[in-house]
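# Survey of secondary and tertiary structure
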Amino acid sequence: MGDRHSAAVAPPQLDPAARRILERVEVDGIELVRFLYADHGGVIRGKASGRSRLPERIGTGIGHTVAMMAMSMLDHLQPVEGMGPVGEVRIVPDPATFVPLPYASGAAAMLSDLRQLDGSPWAACPRTFLKDAVALLGSQGLTPVAAFEPEFTLGRRLPDPTGGPDRLVPIDDSLCYAAAGFDLAHDYTMALVRALEAQGLPIEHYYPELGAGQHELSIRPATALKAADNHVIYRETVRGVAFRMAMWASLAPKPIADQAGNGAHLHVSLWDADLERNLFADGKGGLSVLGRRFIAGVLAHLPGLVALTCASVNSYRRLRPRTWASAYTCYGTDNREAAVRICSPMGGNVEASTNLEIKPSDSSANPYLSLGAVLHAGLDGIRRELDPGKAVMVDPDTLSAKQRARLGCERLPASLGEALDALEADRLLMDALGPLRGAAYLAVKRSEAADFAAQDVAYETFQHLRAF
Ligand code: GLU
Ligand code: MG
């Protein structure tokens, strides 16, 4: 038996990526490596390996109960067949995702799959769901590229003076895109930017947003799995940096009920197998037929899809007209009230910047399930050669019910419960999820809908700002 307290010694069978990790652990003085995954409640959870066990744990993973994928965002365990008290999976890290955590000295993280004891992927592993969706598109010669564009609220978590649940008190009340907002949150923002860049997440844009304490900082697009991994790292970093500075940050859709919501608009494009050509670009500055079919697929499945992309009870406070979050199933070029916005390409970079923005998407979603489901929906539109109809170039809420009906423009589900009903009725999405994942997802999310229905808004916002 080796010395338990010795430094990480690499066994000879380790692959080169794992060897590089062990070298970095030594050089950076890492003591704990978090193996992270996102659950059906959308919560990022995990277990950490000490460094002496790391050489084996990189390969074997860490043991975990199957029941955790039946846990809601309130930590209420749901009865799901196959996720009872008996049964074990492994949280198996992807060595390519190893990253020291700039906001947590001595710690690093890896994004992980949930695998069965024989090493094969578990039917409820969310990261595998996205990998499978990517492989399905790959079999058609398509490579999805994506980016989540998250907003968050920065503040302090303070007790409610009247004895209710804790509240998020925003750090600033600067105006939308107002220069003062840059200064009021500057120390935090710089720490965040440096922490994200240090983890290999290149910053695209940053600005103070409409809501009090609300900020938006976007990351460059990446291939789909990396984009979802990036979003997990991003969520962890936004909160981790705030916690270190004795603040609280929340990416919940509506952490403060009367303020602007936090979206995580999802930008998607499909490229060829070699990532050389953006197949959404028509070569004339517009969207290709493939892109139009993708839109049609997303719109056709949107009522059920939002149960995965806007995945919490709190999400449905955000999806309302005149909030630029979208409330109807329609698309338009640069239409900020449309569920799918065709983004006008940027001059000088027209082909690469042609992409679709899906607005009903927020950070309470499990990014692997949400992006994977969007890809399935879009691919369905491509396979069935669907047409998205006419672009809507006004706020759809200003149209009459008749005009909307003519355009095939429907109100998005008004609650998580409605969205779950639509998801359950959506054959394509339920088949894509598969029986175990589908049943667990519905059970977990239905329990959240029921739990919050019995509570007030202060409880709901508190639980969401705590979880996300
Ligand atoms: N905060 C809005 C949302 O909830 C988005 C505003 C914007 O267009 O940046 O989606
Ligand atoms: Mg924004």
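An unreviewed UniProt entry lists the protein chain under the name Glutamine synthetase, from Planotetraspora silvatica. Entered under Sequence similarities (unreviewed entry) in the UniProt record, the comment concerning the protein chain runs "Belongs to the glutamine synthetase family." Listed under Cofactor (unreviewed entry) in UniProt, the entry text for the protein chain is "Mg(2+)".

Coordination of the magnesium ion (ligand 2) by the protein involves Glu-151 (OE), Glu-209 (OE) and Glu-216 (OE), with metal-donor separations of 1.9 to 2.1 Å. Sequence spacing among the residues donating to the magnesium ion (ligand 2) works out to E-x57-E-x6-E. Of this pair, Glu-151 sits in strand S7 (residues 143–158) while Glu-216 sits in strand S10 (residues 214–219), and the two are 65 residues apart along the sequence. Exposure class is identical for Glu-151 and Glu-216. Each is buried.

Our next topic: the pattern of salt bridges. If you walk through the whole model with that rule in mind, you get 29 salt bridges. With a shortest N-O distance of 2.8 Å, Arg-317 and Glu-460 are connected by a salt bridge. With Arg-317 in helix H8 (residues 315–318) and Glu-460 in helix H15 (residues 457–467), this pair connects stretches of sequence that are 143 residues apart. A salt bridge links Glu-357 to Lys-359, with the nearest nitrogen and oxygen atoms 3.2 Å apart. Here Glu-357 and Lys-359 have matching classes, each one buried.

Applying the stated rule across the entire model yields six aromatic pairs. Ring centres 6.1 Å apart and planes at 65 degrees place the aromatic pair Phe-152 and Tyr-188 in the edge-to-face group. Of this pair, Phe-152 sits in strand S7 while Tyr-188 is found in helix H5 (residues 186–198), placing the two residues 36 residues apart along the sequence. Of the two residues examined, Phe-152 and Tyr-188, each falls in the buried class. In this arrangement the basic side chain of Arg-157 is found over the ring face of Trp-248, its NZ or CZ atom lying 4.8 Å from the centre.

Residue Ala-246 is not a glycine yet carries a positive backbone phi of 60 degrees. With respect to the helices and strands, Ala-246 occurs in the loop between helix H6 (224–244) and strand S12 (248–250). The exposure class assigned to Ala-246 is exposed, which follows from its relative accessible area of 59%. Even without glycine at this site, Trp-324 takes up a positive phi of about 60 degrees.

Looking at the element boundaries, Ser-218 is found in strand S10. The class of Ser-218 is buried, set by a relative accessible area of 8%. Discounting chain neighbours no more than four positions away, the residues touching Ser-218 are Glu-149, Pro-202, Ile-203, Glu-204 and His-205.

Here is what the cut-offs are and how they apply
- Residues numbered from 1 in each chain as written.
- Chains lettered and ligands numbered in written order.
- Predicted model: local features only at pLDDT ≥ 70, side-chain atom pairs only at ≥ 80, totals over all residues.
- Heavy atoms only, no water.
- UniProt positions renumbered as here; feature names shortened; annotations may be inferred.
- Donors = N, O, S within 2.8 Å, 3.2 Å for Na, K, Ca; no water.
- Helix = DSSP H or I, 4+ residues; strand = E, 2+ residues; numbered from the N terminus.
- Buried < 20%, exposed > 50% of the residue type's maximum accessible area, 1.4 Å probe, protein only.
- Salt bridge = Lys/Arg side-chain N within 4 Å of Asp/Glu carboxyl O.
- Phe/Tyr/Trp six-rings, centres within 6.5 Å; stacked < 30°, edge-to-face > 60°.
- Lys NZ or Arg CZ within 6 Å of the ring centre and 35° of its normal.
- Contact = heavy atoms within 4.5 Å.

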